[in-house]
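These are the residues of each chain, in order.
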Amino acid sequence: MDLFLQQLINGVAVGMGYALVALGLTLIFGVMHLINFAHGEFFMLGALVTVIATVFLGIPYGFAIPIVILSMFAVGWVVDRVAVRPFLIKADGATTALLSTFAISLLIHSGVLGVWGPAPERVEGVPGVLRLGPLHITNQNLLLILFGLALIVGFELVLRRSIFGKRMRAVAQSSYGALVTGINVGGVQSATFIMATVLAGIAGALVVPVILFTPAMGQNVVINAFVIVVLGGMGSIWGAVICGILLGVLEALTSIVLSQQVASILIYGLMLVTLLVRPNGLLARGSTR
Amino acid sequence: MKVNRILTIAAAAGALILGAGVTHVAAQQPIKVGVIFPTKTLNGKVGVQGAELAVDMINASGGVLGRKLQLVIYDTNYSPVEGVAAVQRLIDQDGVKFVTGELGSAVALAVLPITEAEKVVFVASGPKHPDVTKESNKFAVRLNSTTAMDAGFFDKYLKARAGNGKVAIISENNDFGQLTVTGFKKLFGDQVVFADFFAMNQADFNAIVANAKSSGAEMVCIASSNVEQWGNILRLMETTGFTPREKCLMPGLLNLGGIKVAGKAAEGLFSADIYYPGIENDLNSKFREAFEKKHNQAPEKIEALGFEGVWVIAQAIAKAGSDKDTAKIAEIIKTGSWSTPRGTVTFDGKGQASSGELLPIAVKDGKLILAPK
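Throughout what follows, the structure given in this document is the object of discussion. Here the structure is a predicted model, which means the values were calculated and not measured. (Residues numbered from 1 in each chain as written. Chains lettered and ligands numbered in written order. Predicted model: local features only at pLDDT ≥ 70, side-chain atom pairs only at ≥ 80, totals over all residues. Heavy atoms only, no water.)

### Here we look at the sheet that holds strand β13 (residues 353-354) of chain B
Strand pairing within a sheet occurs via backbone hydrogen bonds; the two strands may be parallel or antiparallel.
Moving on, step 1. Pairing is antiparallel across the open sheet formed by three strands, whose spatial order is β11-β12-β13 (chain B). Only two strands of the sheet have a single partner each, and these edge strands are β11 (337-340) and β13 of chain B. (Pairing = 2+ DSSP bridges. Helix = DSSP H or I, 4+ residues; strand = E, 2+ residues; numbered from the N terminus.)

Here you go:
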């Protein structure tokens, strides 16, 4: 029982990391109808900024997160201006933009690899462990869960209660309809892209003390994020959050009785079954639309 | 008629001068050595650094047969497809007759038929698969030890340290990991209370460490070639209060990069290897000092193997007196005895290198030390 509960805690922490990455990915798809291949690299850049801030500049971890937010805002703005917006405004632009984000992904990955090198880097996050009898959770994982929850709730409030959120949902439903009603569709899409980039960066900053920084970390995480987005429903915010956490929990719990590799096979099998039975995803109704 | 004779003499003299010039240029052309590694990985990068240092030292002392040595480096990305492309480019485009490097067995096994068919000498650095060296392939040798060679020494050592306690193994999921876990289970039988694999790109080890902890293992062994993975596993073990009596890393994997990642969680970790920076011999002192001067850190096994590949090729060419006959040079490598940073290296009939028994090593105060046998 102790092991079950311990793995449940581990799974929620891992799943929250997945959820935060998948959230941005599904947001971009929901509002912009774009599959962003560079999303994993934004996650990696968020982690890299954390490394630079904490390890090389000696800034405390807590202060590094605002730096990550500002840096990723800038990254999102530049990528949107250079590789997304110029294509999205054209007819059938989403396809070209998909390819351009793929190019951006390769560019960022190769750039970091070339400048930084392949060496891993360790980041000291929040030290200490919270012990509850035989169970434990590292304070960093606790921060990841709590900060992640706060972000998701805050994001939901923005989406449901603010004018900007209403505009986002309008654009997600129909960009043409939104345009007719006077909404600046391009502006909303750009803001969405930047917001998703910042989310990925924050996820990187929260996860890097747990998993270490490597230039390949974005490529590894984005595959799971795509699985979550497909399972939760393309464009579904709560689908991404719930399926992200579920995936983490499922991975951890199945590892008690099965090899981790077998558990992964089950998860990818689940993705295939979901596509066959519910092509729009398990939770498609809760989308931004 | 007189004019014709003058022209003929002038042409002959010109040809002689030109010929001499061409011969002189040929004599000065560098000897190219192809280097293949997964250069975008940490291990691949340091392997290249070792090879480059060998070239620096050889060229600084006059080169080989009066010619400079020149490296042509390509990335294999741990991919057999990219490895084959790299070697074909080395042979067809760069005119290379000597290739060294690589860490992955799959890549080495893929490129071996090409180097053999093209009569190119291949000195494999890191692959551990037994089929990398064969009696029938006259052109290939391997510097690293095989898993079976490691086991020959390490199994006894491991058994002694484990005693009758419960043991666990956490391993990466590839051919090396599978072989290691099979051998481990065979060695310890019922003492094995936990064995699981993780993916080569896995970054979170909370679940696997929690499972290992709950098994009650008194000795935990890790089979992982990625420093970020084994370093992180150790770190997580310590953070979550999992402190088994013994922690070991399977042979050939312990290095300072992982110790840096693991921090104090690496204290007491033991392993064994064919090389460690503190080996006492003249060449290793020079190698270590030059490497530390150039890269501000001590060289380790992969660096030493990268160095050794180029070093042995260069010595063999010098011994052959020419770089033309690759069959002769390959034969010289296989039958010779070579001074390298790890000591005297010899090859068996298959082309497998050996420098004697593995050295037991451990981590103390964040440094690698020789452990008592």
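### A closer look at the sheet that holds strand β3 (residues 98-101) of chain B
Residue and element names in this part refer to chain B.
Moving on, step 1. Here we have five strands laid out as an open sheet, ordered β2-β1-β3-β4-β5, and parallel in their pairing. Since the sheet does not close on itself, it has two edges, and those belong to β2 (69-75) and β5 (140-142), each with one partner. The average undirected angle you get between the axes of adjacent strands in this sheet is 20°.
Moving on, step 2. Bridge analysis of strand β4 (residues 121-124) against β5 gives three bridges, and the strand direction is parallel. By the bridge assignment, F122 is partnered in β5 with A140.
Moving on, step 3. Sitting on the sheet, helix α12 (residues 326-335) is in contact with β3, β4 and β5, with an inclination near 30° to β4. (Axes fitted to C-alpha atoms, helices over the stretch in contact; angles between N-to-C directions. Contact = heavy atoms within 4.5 Å.)

### Quick notes on the pairing of strand β14 (residues 359-364) of chain B
Residue and element names in this part refer to chain B.
Moving on, step 1. Sheet topology places strand β10 (residues 270-273) next to β14; four bridges connect them, and they run antiparallel. Counterpart to S271 in the pairing with β14 is I361.
Moving on, step 2. Counting the residues between successive antiparallel strands, the hairpin from β14 to strand β15 (residues 367-370) contains two residues, one of them, D365, with a positive phi of roughly 55°.

### Comments concerning the side chain of N43 of chain B
Moving on, step 1. Mapped onto the secondary structure, N43 of chain B falls in helix α2 (residues 42-60).
Moving on, step 2. Excluding residues that lie within four positions of it along the chain, N43 of chain B makes contacts with L103, S225, N255 and I302 of chain B.

### A word on the nonpolar core
Moving on, step 1. Counting 101 residues, the largest nonpolar core has L158, M250 and I333 of chain B as the members making the most contacts within it.
Moving on, step 2. Per-element accounting of this core gives the leading share, twelve residues, to helix α11 (residues 301-320) of chain B.
Moving on, step 3. Residues within four places of M250 of chain B in sequence aside, it is in contact with F154, L158, F176, T180, F184, C221, I222, A223 and S271 of chain B.
Moving on, step 4. By size, the runner-up hydrophobic cluster in this structure holds 74 residues, among which are F43, Y61, L231 and I267 of chain A. (Core = buried A, V, L, I, M, F, W, Y, C linked by side-chain atoms within 4.5 Å. Buried < 20%, exposed > 50% of the residue type's maximum accessible area, 1.4 Å probe, protein only.)

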